[in-house]
Amino acid sequence: MLRLYGYKKVDDLSSLSEDAAKSLRFLLTDIDDTLTDEGRLPLNAYTALWKLKEAGLIIIPVTGRPAGWCECIVRHWPVDGIIGENGAFAYYMDGPVLKRMYHPSVPREDRGEKFSAIQEAVLQAVPKARIAKDQYCRMFDLAIDFAEEPPRLSLSDARRIRDICESFGAHAKVSSIHVNTWFGDYDKLDMSLLFLHKRWAMDDSDVKKHACFCGDSPNDEPMFAFFPISFAVANIDLFADDMDDKPAFRASRKSGKGFFEIAEKLLFLRKK
């Protein structure tokens, strides 16, 4: 079955070709509500990461989660690097040594006063909004929780929060749980390409031929727009009206179960 989002056709996984699956060397993936399910990383999704890694794919999470989380993930998960805070940095292991790469447009000046002004404006306009509990782990952005913990707010509240952030001249993206806002000219795609260029000496053409992306929400739009082979889990349907750029393929299941479905399809086609 195919679905239509605006004018773009989004196919189910049965349309993925063997040649496309076998062309892949890299799998980039969002974390929250793509790998996780109700805030937990289920066994099937974590197992899928290991299976993909053992099948020879280079795995790179691309997330809005903070620097502190990213260091733990890159050290302990079966991944080859991680991009965090919506593109502010990439971390990877060089043997036992953690290496860090920052986007060149990350602001060097203190942003505390700007973030304080945004925070005050948001909390006044959307009283049930709150600062994300992982904020203390962050280096470059402000994360506002609208759906990670109760009370879970609506998408219209998330849009309102995003608009307030942008009124201060900041970038802002809605994920499935947070509105992330930052100063600096980068996003998930910018840092992904920089990381792949520098770490693996790939140009944009190589990336389009040999890498894919999995996601679930509006902050993944730049990735969906760039990657010819891109996937979403079924909960992307919640955001259909908020997205201009859609994935090429959609799993039939949500969250971690959907990621497992995508992984199993890729593994099956690569073995043929």
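Structure: see above.
In this report, we go over the structure that sits alongside the text. Starting from 1, residues in each chain are numbered consecutively following that chain's sequence as written. Per-residue local features of the predicted model are confined to residues with pLDDT of at least 70, and side-chain atom pairs are confined, for both listing and counting, to 80 or more; whole-chain, interface and lining totals are unaffected and use all residues. Heavy atoms from the whole structure form the basis of all side-chain values; hydrogens and water molecules are not counted.

Remarks on helix α3 (residues 67-76)
Side chains that are three or four residues apart share a direction in an α-helix, a result of its 3.6 residues per turn. Residue burial is assigned from relative accessible area. The probe radius is 1.4 Å, only protein chains are included, and a residue is buried under 20% of its type maximum, exposed over 50%, and partly exposed in between. Put simply, DSSP marks the helices as runs of H or I at least four residues long and the strands as runs of E at least two long, and each gets a number from the N terminus on. Inspection of α3 places A67, C70, I73 and V74 among the buried residues, and these make up the whole buried set. Around the axis of α3, the buried residues are gathered within 115° of arc, so they sit on the same side. Among the structural elements, β5 (82-84), β6 (89-94) and β7 (97-102) are those in contact with the buried residues of α3. The arc in question is traced by the directions running from the helix axis to the C-beta atoms. For this analysis, residues touch if any pair of their heavy atoms sits within 4.5 Å.

What about the environment of V79?
Of note, V79 is situated in the loop between α3 and β5. Remark: the alpha-carbon pair of V79 and K53, spanning 26 residues in sequence, is separated by 7.5 Å. Residue contacts for V79: discarding those within four places in its chain leaves I59, P61, I73 and V74.

What to know about the layout of surface pockets
Lining residues are those with an atom within 4 Å of a point, where the points come from a 1 Å grid over the protein atoms alone and group into cavities, where a 1.4 Å probe fits but cannot get out, or pockets, open sets with protein on both sides within 12 Å along at least five of seven lines. Grid points are joined across faces, edges and corners, and a volume is the space filled by probe spheres set on the points. When its volume is computed, the largest pocket comes out at roughly 580 Å³. D33, A147, R152, S176 and I177 are the residues nearest the centre of the largest pocket, which is lined by 25 residues in total. Along the lines of polarity and charge, the residues of the lining of the largest pocket split into eight nonpolar, five polar and 12 charged. The volume enclosed by the second largest pocket comes to roughly 240 Å³. Together, I31, D32, T36, G39, L41, R65, W69, C72, I73, W77 and E148 line the second largest pocket. Nonpolar residues are Ala, Val, Leu, Ile, Met, Phe, Trp, Tyr, Cys and Pro. Charged residues are Asp, Glu, Lys and Arg, and all others, Gly as well, are polar. Here the residues of the lining of the second largest pocket are counted per class, giving six nonpolar, two polar and three charged.

A word on the sheet that holds β6
Sheet strands line up and pair through hydrogen bonds in the backbone, either parallel or antiparallel. Paired strands are those between which DSSP finds at least two bridges. The sheet built from three strands is open, its strands ordered β5-β6-β7 with antiparallel pairing. Two strands lie at the open edges of the sheet, namely β5 and β7, each paired on one side alone. Ignoring which end each strand starts from, the neighbouring axes of this sheet average 25° apart. Sheet topology places β6 next to β7; six bridges connect them, and they run antiparallel. In the strand pairing of β7, Y92 is matched with K99. The angle between two axes is taken between their N-to-C directions and runs from 0 to 180 degrees, where each axis is a line fitted to C-alpha atoms and a helix contributes only its stretch in contact. Here α3 sits on the sheet and contacts β5, β6 and β7; the angle it forms with β6, its principal contact strand, is near 30°. The sheet strands contacting helix α6 (residues 188-200) are β5, β6 and β7, and the helix crosses β6 at an angle near 30°.

What to know about the side chain of E221
Tracing the backbone shows E221 in helix α8 (residues 221-226). His is not counted here, nor are the chain ends, while Lys and Arg score as positive and Asp and Glu score as negative. Throughout this description, the term salt bridge denotes a Lys or Arg side-chain nitrogen within 4 Å of a carboxyl oxygen of Asp or Glu. For E221, which is buried and forms no salt bridge, the nearest opposite charge comes from K173, at a distance of 5.2 Å. Looking at E221, its side chain comes within polar contact range of the main-chain nitrogen of D245, at 2.9 Å. Once residues lying within four places of it in the same chain are set aside, the contact partners of E221 are D242, M243, D244 and D245. Under the rule applied, a polar contact is a pair of N or O atoms within 3.5 Å (in protein, one hydrogen donor and one hydrogen acceptor; residues adjacent in sequence only if both atoms are side-chain atoms).

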